[in-house]
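Per-entry structural report
Here are the chains, one letter per residue:
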Amino acid sequence: MNTSMSEAVVAGADAATLESLPVPTYFSAATVRARDINMFQDVEDKDVRKSLFVDEIPMPELAPDEVLVAVMASSINYNTVWTAMFEPVPTFRFLEQMGKAGGWEARHDLPYHVPGSDASGVIVRAGSSVRRWKTGDHVVVAPAYVDEQDPDTHRDGMLGEGQKAWGFETNFGGLAHYAVVRASQLMPKPPMLTWEEAAVNPLCAATAYRMLVSDRGAQMKQGDVVLVWGATGGLGAYAVQLVRNGGGIPVGVVNSEAKAALLRSLGCEAVINRSEIEDGDPAALERPEGWKRLGAAIRQAVGEDPHIVFEHVGRKTFGASVFLARRGGTVVTCGSSTGYEHTYDNRYLWMRLKRIIGSHGANLHEQWEVNRLIGLGHLVPALWKTYPLDQVAAAARVVQANQHIGKVGVLCLSPRPGLGVTDPEARARVGEERLRLFRD
């Protein structure tokens, strides 16, 4: 019986063996379908279990600057939920625009979209112009898909006109057995982590790093009080760790006592349970009286107002964020999971000299900095639960309904959790308890 490429990858075959095997002509992938774009019109609950499928799709051709990654694990980000809801616009519009560019980008314009903006896996093919990477390398994927011929890209990869979120604005993303990845997206997989632990970090950890630490974000300094909304979520969990590591004072906002306990185990001493602020009124933080109650709770916890507000919730919290930042403070935002049309009182912004900074993803240098911190054990994965690829729709629904903490992983080719560790000594130094913090 002949060994397939997928079987060889799972078995840990060497580079020569992988090179000798043909890549499959079809492979399993999570997809949304163009014919379903209008399925949620006038529907209140846009349940992604109705729009996200696992299909067998043809293997795309590889461009010279790309590699083919056999994906061992991936994860659910909120952009996959948006993809499956066809909001704020159907992602097929992005794929159609790529198709109009011609050349290799034309491959992306298909009647199906393979989402997924995180991945860990093994390179099984490298294009002719790929220099730093080779077949057999264990990698994680940075989600910034940039145009290297755009001059602004060389100032900051996120400023280039052609910058896209891989697996959201491009096709052939990480929620599949195989993914097409540009060489400029690759990083070495931290050897002490399992495949699923490595897969959940790139998008959220690097986004939080750019927002807080990078000179393009809020430029957090020692002693800064940082208010972190959703502090046990995918973004917030990394933000709390980065604030602690940088000598700041994180103030974590959560919505249950169980999440508050997890947050304290991360080292976040100032924890606010928003349910106590809301007092049965879920819209309380959308009004000034709720903002004032939360501000009083923050001052009681740390004695002063936040220097920085780490904002990604959007419509339901943005007005509070602008109010709560101290005079001269900063609100840094990277998303709007509760709605992207925000209302806030502009007097608090201009009269108290505050700033709003928009932040999106991270460039490759920032990604490598975060990956190094993870490899050193200074940041631990926020992995909460792992689903197999054939249950990807259920995994995405958990995130859509905000029923999770941390990150939700998806096993792709990896047959079970716990595989992929190649440096058990480093893992022992960090400690199994720390690495499993969100699961236990």
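It should be noted that the structure appears before, not after, this text.
These notes cover the structure that comes with them. (Residues numbered from 1 in each chain as written. Predicted model: local features only at pLDDT ≥ 70, side-chain atom pairs only at ≥ 80, totals over all residues. Heavy atoms only, no water.)

What follows concerns the nonpolar core. Leu212, Val226, Leu263, Phe310 and Phe438 are the most contacted members of the largest nonpolar core, which totals 52 residues. Where this core is concerned, the elements lending two or more residues are α6 (202-212), β11 (225-228), α7 (234-245), α8 (257-265), β14 (308-311), α13 (364-376) and α15 (424-430). Those residues within four positions of Leu263 in sequence are excluded, and the remaining contacts are Ala231, Thr232, Val240, Gly252, Val254, Cys268 and Val271. Counting 39 residues, the second-largest nonpolar core is a separate cluster that includes Val48, Val67, Val399 and Val410. (Core = buried A, V, L, I, M, F, W, Y, C linked by side-chain atoms within 4.5 Å. Buried < 20%, exposed > 50% of the residue type's maximum accessible area, 1.4 Å probe, protein only. Helix = DSSP H or I, 4+ residues; strand = E, 2+ residues; numbered from the N terminus. Contact = heavy atoms within 4.5 Å.)

Here the focus is the sheet that holds strand β1 (residues 26-33). Pairing is antiparallel in the open sheet, where three strands are placed in the order β2-β1-β4. Since the sheet does not close on itself, it has two edges, and those belong to β2 (53-58) and β4 (112-113), each with one partner. Relative to β2, β1 is paired through six bridges, and the arrangement is antiparallel. Counterpart to Ser28 in the pairing with β2 is Glu56. (Pairing = 2+ DSSP bridges.)

This part is about the packing of α6 against α7. In contact at an axis separation of 8 Å, α6 and α7 are set at 50 degrees when each is read in the N-to-C sense. By the angle between their axes, α6 is oblique relative to α7. Once α6 is placed against α7, the crossing between them reads as right-handed. Residues Cys204, Ala205, Thr207, Ala208, Tyr209 and Leu212 of α6 lie in contact with α7, whose contacting residues are Gly234, Leu235, Tyr238, Ala239, Leu242 and Val243. Across the contact of α6 with α7, the residue classes tally to ten nonpolar, two polar and no charged. (Axes fitted to C-alpha atoms, helices over the stretch in contact; angles between N-to-C directions. Parallel < 35°, antiparallel > 145°, perpendicular 65-115°, else oblique. Left-handed = near helix turned anticlockwise from the far one by under 90°. Nonpolar A, V, L, I, M, F, W, Y, C, P; charged D, E, K, R; others polar.)

Within the fold, Ser120 resides in strand β5 (residues 120-126). Using a relative accessible area of 1% as the deciding quantity, one classes Ser120 as buried.

Bringing the packing of aromatic side chains into the picture now. The tally for this structure, following the rule as stated, stands at nine aromatic pairs. Consider the rings of Trp291 and Phe323, whose centres lie 5.5 Å apart with planes at 40 degrees: the pair is tilted. Here Phe323 lies in helix α11 (residues 318-324) and Trp291 lies in helix α10 (residues 288-302), a separation of 32 residues in the sequence. The ring centre of Phe53 lies 3.8 Å from the NZ or CZ of Arg33, which sits over that ring. (Phe/Tyr/Trp six-rings, centres within 6.5 Å; stacked < 30°, edge-to-face > 60°. Lys NZ or Arg CZ within 6 Å of the ring centre and 35° of its normal.)

Tallied over the entire structure, the rule returns zero disulfides. Not engaged in a disulfide, the cysteine Cys334 finds its nearest cysteine sulfur in Cys204; these two sulfurs lie 8.1 Å apart. We classify Cys334 as partly exposed; its relative accessible area is 23%. Cys412 takes part in no disulfide bond, and the closest cysteine sulfur to it belongs to Cys204, at a distance of 16 Å. Accessibility expressed as a relative area gives 8% for Cys412, which makes it buried. (Disulfide = S-S within 2.5 Å.)

Let's shift gears to the pairing of strand β6 (residues 138-141). Relative to β6, β5 runs antiparallel, the two being bridged by three bridges. The residue bridging Ser120 from the neighbouring strand is Val140, located in β6. Taken together, the three bridges between β6 and strand β10 (residues 186-188) define a ladder with antiparallel strand orientation. Bridge pairing in β10 places Val141 opposite Leu186.

Attention now goes to α6. Counting buried positions along α6 gives eleven out of eleven residues, so the element sits mostly inside the fold. Looking at α6, one finds that the buried residues are Pro202, Leu203, Cys204, Ala205, Ala206, Thr207, Ala208, Tyr209, Arg210, Met211 and Leu212.

An order of β13-β12-β11-β14-β15-β16 is seen for the six strands of this open sheet, with the pairing classed as parallel. The sheet is open, and its two borders are formed by β13 (270-273) and β16 (355-358), each paired with just one other strand. Shown here is a sheet whose adjacent strand axes are inclined to one another by a mean of 20 degrees, direction ignored. Note: strand β15 (residues 330-333) against β16, four bridges, orientation parallel. Among the inter-strand pairings, Thr333 is bridged to a residue of β16, identified as Gly358. The sheet contacts of α10 involve β11, β12 (249-254) and β13, and relative to β13 the element is tilted by about 155 degrees.

On inspection of all chains with the given rule, the structure shows 28 salt bridges. A salt bridge links Arg49 to Asp47; the nearest nitrogen and oxygen atoms lie 2.7 Å apart. Residue classification places Arg49 among the partly exposed residues on the basis of a relative accessible area of 46%. One salt-bridge network, held together by shared partners, links Asp156, Arg210, Asp215, Arg216 and Glu366. (Salt bridge = Lys/Arg side-chain N within 4 Å of Asp/Glu carboxyl O.)

With respect to the secondary-structure elements, Glu197 resides in helix α5 (residues 195-199). Classification of Glu197 as buried rests on a relative accessible area of 0%. Residues Glu197 and Leu435 lie 238 residues apart in sequence; the distance between their C-alpha atoms is 8.5 Å. Of the polar contacts made by the side chain of Glu197, one reaches the side chain of Arg427; its length is 2.8 Å. (Polar contact = N/O pair within 3.5 Å; in protein donor to acceptor, adjacent residues only side chain to side chain.)

Interpretation in functional terms is not warranted from these geometric data alone.
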